[in-house]
Amino acid sequence: MIRLALFVGMGGMIGSILRFLLSQWLLKITPGIAPLGTLFVNIVGSFLLGFLFHSVGKMDRSYYVFITSGFCGGFTTFSTFSVENINLILTNNFSSAILYISLSLVLGLAAAGLGWYLGKIYLA
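About the criteria used
- Position numbers for residues start from 1 in each chain and track the written sequence from start to end.
- Reporting of local features is limited, given that this is a predicted model, to residues whose pLDDT is at least 70; pairs of side-chain atoms are given and counted only at 80 or more, and all residues count toward the totals for whole chains, interfaces and linings.
- Hydrogens and water are ignored here; the side-chain numbers use all heavy atoms of the structure.
- UniProt positions are given in the numbering used here, feature names are shortened, and annotations may be inferred rather than shown by experiment.
- In this description a helix means any DSSP run of H or I spanning at least four residues, a strand means any run of E spanning at least two, and both kinds are numbered starting from the N terminus.
- Think of it in three bands: with a 1.4 Å probe and only protein chains considered, a residue is buried below 20% of the maximum accessible area for its type, exposed above 50%, and partly exposed in between.
- Throughout, a residue-residue contact means that at least one pair of heavy atoms, one from each residue, lies within 4.5 Å.
- We define a polar contact as two N or O atoms separated by no more than 3.5 Å, with the added condition that, inside protein, one atom must be a possible hydrogen donor and the other a possible acceptor, whereas residues neighbouring each other in sequence contribute only through side-chain atom pairs.

**What to know about the UniProt feature "binding site: Na(+)" (unreviewed entry) in the chain**
Stage number 1. Within this structure's numbering, the places UniProt gives as "binding site: Na(+)" (unreviewed entry) are Gly73 and Thr76.
Stage number 2. Mapped onto the elements, Gly73 comes out in helix H3 (residues 61-75).
Stage number 3. For Gly73, a relative accessible area of 44% corresponds to the partly exposed category.
Stage number 4. Within the secondary structure, Thr76 is located in the loop between H3 and helix H4 (78-90).
Stage number 5. Not counting residues up to four positions away in its chain, the partners in contact with Thr76 are Arg19, Val41, Asn42 and Gly45.
Stage number 6. Among the polar contacts listed, one links the side chain of Thr76 to the backbone oxygen of Cys72, at a separation of 2.7 Å.

Written as structure tokens, this is what we have:
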């Protein structure tokens, strides 16, 4: 159990660092569109989790938790998504908040579904 927890921790560290770097990079190339980084990592993470769904019994458990609970858990973030939306609402950017929430939900589900489908083809 400790070994699995260490794999989760290592994956989480890598995912969190990558999320930070990607978010900073996207903020630099698209100034003024703060939620874009969070939207991007959440969609990519949704795709990856959907894709790996079919490998749960085929991949070594240590590597599976490293990627899913660790990397994807650190890479994606619901708390940042929530705070960014609260900030949009508090600054009267209601249409931006609605767009961000809608895009996150629709694109996140679409990415997870596409990942699931491709995982079924390539991993099942």
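More follows now that the structure is in view.
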